[in-house]
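If you want the building blocks of each chain, they are given just below.
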Amino acid sequence: MQAVWYSETGPAEKVLQRGAQGDSMPGAGEVRVRIHVSGINPSDVKARAGARGPLQFPFQIPHSDGAGVIESVGAGVSSSRVGERVYVWNAAWNRPMGTCADYVCLPSEKAVILPDNTNFTLGACIGIPVMTACHAVMADGPVEKKTVLVTGGAGTVGRFAIQLAKWSGARVIATVSGEAKAAVARAAGADLVVNYRTDKVIERVQEFTSGQGVDRVVEVEFGGNLGTTKQVVKSGGVIAAYGSMGDRTPALPFYELMFKHITLRVLLVYLLSDVERNTVRAHIDGALKDDALTPMIAARFGLDDVVKAHEAVESGSFVGNVLIDLT
């Protein structure tokens, strides 16, 4: 099979290799998926750069997300799965074989059926961005008739969080850093978009909620936003944080949060329990069948241009998902 891999961590142009890798066949409990589209996430490029520690294996085919068709199955997996259109998750998490290749073999449960109305482009965006957004929005109960604040509403996770919250019946406030990103958040369905660089976020949120605050916060920058978040989340509310790159060791205003009875959820999508994962999958399946999720594709590359794709993600200048087409 044709693949891209690295045998040491470092800059994309120095460590990524493209060529033939031996074809693998599915083991017991596994399926072999012909990948049509591979999705790149920031975590993929950080792992390749070495930010996640040394390599666990002699080589690594990157990317945890992708979509394609099951072509064969291993022992213990029903042959009826052959031909299924699927998305895959955690392909490269603690495994050497990611989706940046013609084929990937992985446990059967990591290949999830795509509804007939869902294409491979969206499928390749589900594993990390959509699942993260879904767990952040819904892990603490239904959001129907509640108000959800999504920080970084133009980001890949933020956009899907807006769409999922709206699909679930919530009112949504999104914060962004400029007008171009504001347009992205509005298009995703946000009811109120606030530019945190020019607007008074606390005042705008309190005005929109008639002074009640928000029920739930989907937080991309926990430490950097905490001074604002703790003031706009209502008593009994939830802060679900999936990032804090600006302030990696934030000081926690414990008693301020305690006296508002705030639930703080810190989440990493790779580590969802089976129960959590099944709940997320069920929500996503419903949203897909209702055509409630629309990806924003920033760029697409071929297998020969994976270096450029990694550099595009690392630049931080692209708004939307970056994909690799393998067919």
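The structure under discussion appears in the preceding block.
Everything quoted here is computed from the prediction, not taken from an experiment. (Residues numbered from 1 in each chain as written. Predicted model: local features only at pLDDT ≥ 70, side-chain atom pairs only at ≥ 80, totals over all residues. Heavy atoms only, no water.)

> Even after reading the chapter, I still don't get helix α8 (residues 222-232), so can you show me in this structure?
Think of an α-helix as turning once every 3.6 residues; residues three or four places apart then point the same way. Three or more residues of α8 are buried, namely Phe222, Gly223, Leu226, Thr229 and Val232. Taken end-on, α8 shows its buried residues confined to a sector of 145°, consistent with a single buried face. Summarising the contacts, the buried residues of α8 are in contact with β8 (147-151), α7 (201-208), β11 (214-219), β12 (233-241) and β13 (263-266). (Buried < 20%, exposed > 50% of the residue type's maximum accessible area, 1.4 Å probe, protein only. Helix = DSSP H or I, 4+ residues; strand = E, 2+ residues; numbered from the N terminus. Arc of directions from axis to C-beta. Contact = heavy atoms within 4.5 Å.)

> Can you help me understand the packing of helix α4 (residues 126-138) against helix α5 (residues 156-167) in this one?
Between two packed helices, what matters for the description is the angle formed by their axes and the separation of those axes. In contact at an axis separation of 8 Å, α4 and α5 are set at 50° when each is read in the N-to-C sense. As the angle between them shows, α4 and α5 are arranged oblique. Crossing handedness for the pair α4 and α5: right-handed. Taking contact as the criterion, the partners of Pro129, Val130, Thr132, Ala133, Cys134, Val137 and Met138 in α4 are, on α5, Thr156, Val157, Phe160, Ala161, Leu164, Ala165 and Trp167. Here the contact of α4 with α5 is built from residues that sort into 12 nonpolar, 2 polar and no charged. (Axes fitted to C-alpha atoms, helices over the stretch in contact; angles between N-to-C directions. Parallel < 35°, antiparallel > 145°, perpendicular 65-115°, else oblique. Left-handed = near helix turned anticlockwise from the far one by under 90°. Nonpolar A, V, L, I, M, F, W, Y, C, P; charged D, E, K, R; others polar.)

> What exactly am I supposed to notice about the nonpolar core here?
Note that soluble globular proteins tend to have their nonpolar side chains buried in a common cluster. The biggest cluster of nonpolar side chains holds 53 residues, and the ones touching the most others in it are Ile126, Met131, Ile162, Leu164, Ile284 and Leu293. For this core, the secondary structure elements donating two or more residues are β4 (65-73), α3 (120-123), α4, β8, α5, β9 (171-176), α6 (179-188) and α10 (274-289). Top contributing element to this core by residue count: α4, with 9 residues. Beyond its immediate chain neighbours, meaning those up to four positions away, Leu164 contacts Val130, Ala133, Cys134, Met138, Ala287 and Leu293. By size, the runner-up hydrophobic cluster in this structure holds 36 residues, among which are Cys100, Val104, Leu303 and Val306. (Core = buried A, V, L, I, M, F, W, Y, C linked by side-chain atoms within 4.5 Å.)

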